[in-house]
Amino acid sequence: KAGVTQTPRYLIKTRGQQVTLSCSPISGHRSVSWYQQTPGQGLQFLFEYFSETQRNKGNFPGRFSGRQFSNSRSEMNVSTLELGDSALYLCASSQTGSRTDTQYFGPGTRLTVL
Amino acid sequence: DQQVKQNSPSLSVQEGRISILNCDYTNSMFDYFLWYKKYPAEGPTFLISISSIKDKNEDGRFTVFLNKSAKHLSLHIVPSQPGDSAVYFCAASRISGTYKYIFGTGTRLKVLA
């Protein structure tokens, strides 16, 4: 079974631009969560989607948004990029999204904002 | 506010010895805890979990201990192997409120051959 895939793997943008990241979960998984990883903050939860609905949201500004499609693939969008948005963005999928359901992470998208 | 803290950013251990990674949390509502391992250029992989109704959980060389009164958990790796060299994240979750995991900042473990 293929793992979680994320595209693109690397991205360089300039301040003020917007970016869209994509995540394809493991086949059969309906929950997709997004995390931001920075050196000083560890992994911070952005949001979780389940069956095309945002179920939970972390403490990030409205510039960060996402969506999930009927095939469970998910996209994350960041508008008006700031230097501080430079980070590794990870998505994780699980079958049901319950707390005890193992999350499988993708390799991440490394975003650099210049 | 950092609700889950890993105060040691790095740890070096000799091969064959025990590695002990620590994690502290502040929210007494957390009742489910996990450890993840992350290699460079890869996403984190699930290692082991523990529910607050237990104080210990084992899986092969990996054991997680939970001390609820101290709000402290630790991951023991015995014996440590060079392939265990990675960044280890602990995470906590609570049954009420929004579903999400709160992750620590990670501890980089280096196992020396």
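Residues numbered from 1 in each chain as written. Chains lettered and ligands numbered in written order. Predicted model: local features only at pLDDT ≥ 70, side-chain atom pairs only at ≥ 80, totals over all residues. Heavy atoms only, no water.

### Digging into the overall build of chain B
When helices and strands are counted, chain B shows zero helices and eleven strands. By the compact-globule yardstick of 13 Å for 113 residues, chain B fits well, its C-alpha radius of gyration being 14 Å. Over its C-alpha atoms, taken along the principal directions, chain B stretches across nearly 45 × 30 × 20 Å. In chain B, of all internal contacts separated by at least 6 residues, the share reaching a separation of at least 24 is 55%. Accessible surface, chain B as shown: approximately 5400 Å² in total, 50% of it carbon and sulfur. Within chain B, one finds 13 positive and 9 negative side-chain charges whose respective centroids are separated by 4 Å. (Helix = DSSP H or I, 4+ residues; strand = E, 2+ residues; numbered from the N terminus. Rg over C-alpha atoms; globule rule 2.2 N^0.38 Å. Contact = heavy atoms within 4.5 Å. Areas by Shrake-Rupley, 256 points an atom, 1.4 Å probe, with all protein chains shown as cover. Lys, Arg positive; Asp, Glu negative; His and termini not counted. Charge placed at Lys NZ, Arg CZ, Asp CG, Glu CD.)

### Comments concerning the overall build of chain A
Counting secondary structure elements, chain A contains zero helices and eleven strands. Taking the intrachain contacts of chain A between residues at least 6 apart in sequence as the baseline, contacts between residues at least 24 apart amount to 55%. Accessible surface for chain A amounts to roughly 5200 Å². Of this, 48% is attributable to carbon and sulfur atoms. Side chains of chain A give 12 positive and 6 negative charges; the mean places of these two sets differ by 3 Å.

### Structural notes on the sheet that holds strand E8 (residues 74-78) of chain A
Residues and elements named next belong to chain A. Sheet architecture is open: four strands sit in the order E1-E3-E8-E7, paired in antiparallel fashion. At either end of the open sheet lies a strand with only one pairing partner, and these are strand E1 (5-7) and strand E7 (64-68). Averaged over neighbouring strand pairs, the angle between their axes works out to 20° when direction is ignored. (Pairing = 2+ DSSP bridges. Axes fitted to C-alpha atoms, helices over the stretch in contact; angles between N-to-C directions.)

### Re the pattern of salt bridges
Pairing of side chains with opposite charge becomes possible as their charged atoms draw close. Residue and element names in this part refer to chain A. This model, assessed by the stated rule, comprises seven salt bridges over all chains. With a shortest N-O distance of 2.8 Å, Asp85 and Arg63 are connected by a salt bridge. With a gap of 22 residues between them, Asp85 in the loop between E8 and strand E9 (87-94) and Arg63 in the loop between strand E6 (53-57) and E7 connect regions that are remote in the sequence. For Asp85, a relative accessible area of 4% translates into the label buried. As a salt-bridge pair, Glu75 and Arg67 come within 3.2 Å of each other at their nearest N and O atoms. Through salt bridges with shared partners, one network takes in Arg63, Glu82 and Asp85. (Salt bridge = Lys/Arg side-chain N within 4 Å of Asp/Glu carboxyl O. Buried < 20%, exposed > 50% of the residue type's maximum accessible area, 1.4 Å probe, protein only.)

### Here we look at the environment of A:Thr7
Residues and elements named next belong to chain A. Along the polypeptide, Thr7 turns up in strand E1. Along the sequence, Thr7 and Gly106 sit 99 residues apart, while their C-alpha atoms lie 9.7 Å from each other. In this view, Thr7 contacts Leu21, Ser22 and Thr109; residues no more than four positions away in its chain are not counted.

### Brief notes about the interface of chain B and chain A
Across the contact, 21 residues belong to chain B and 25 residues belong to chain A. Remark: the boundary between chain B and chain A carries zero salt bridges. Summed over the shared surface of chain B and chain A, the result is two residue pairs in polar contact (both at pLDDT 80 or more). For the side of chain B that touches chain A, the elements supplying multiple residues, two or more each, are strand E4 (32-38) and strand E9 (86-93) of chain B. Here the side of chain B that touches chain A gets three residues from one element, more than from any other, and that element is E4(B). Split into classes, the residues belonging to the side of chain B that touches chain A amount to ten nonpolar, six polar and five charged. (Polar contact = N/O pair within 3.5 Å; in protein donor to acceptor, adjacent residues only side chain to side chain. Nonpolar A, V, L, I, M, F, W, Y, C, P; charged D, E, K, R; others polar.)

### Quick notes on the state of the cysteines
All names here are of chain A. Summed over the entire model, instances satisfying the criterion amount to two disulfides over all chains. Note that Cys23 is cross-linked by a disulfide to Cys91, the S-S spacing being 1.8 Å. One quick way to see it: the torsion about the S-S bond of Cys23 and Cys91 is about 65°, and its sign makes the bridge right-handed. One end of the pair, Cys23, is in strand E3 (residues 19-24); the other, Cys91, is in strand E9, and 68 residues separate them in sequence. (Disulfide = S-S within 2.5 Å.)

Geometry only, nothing functional implied.
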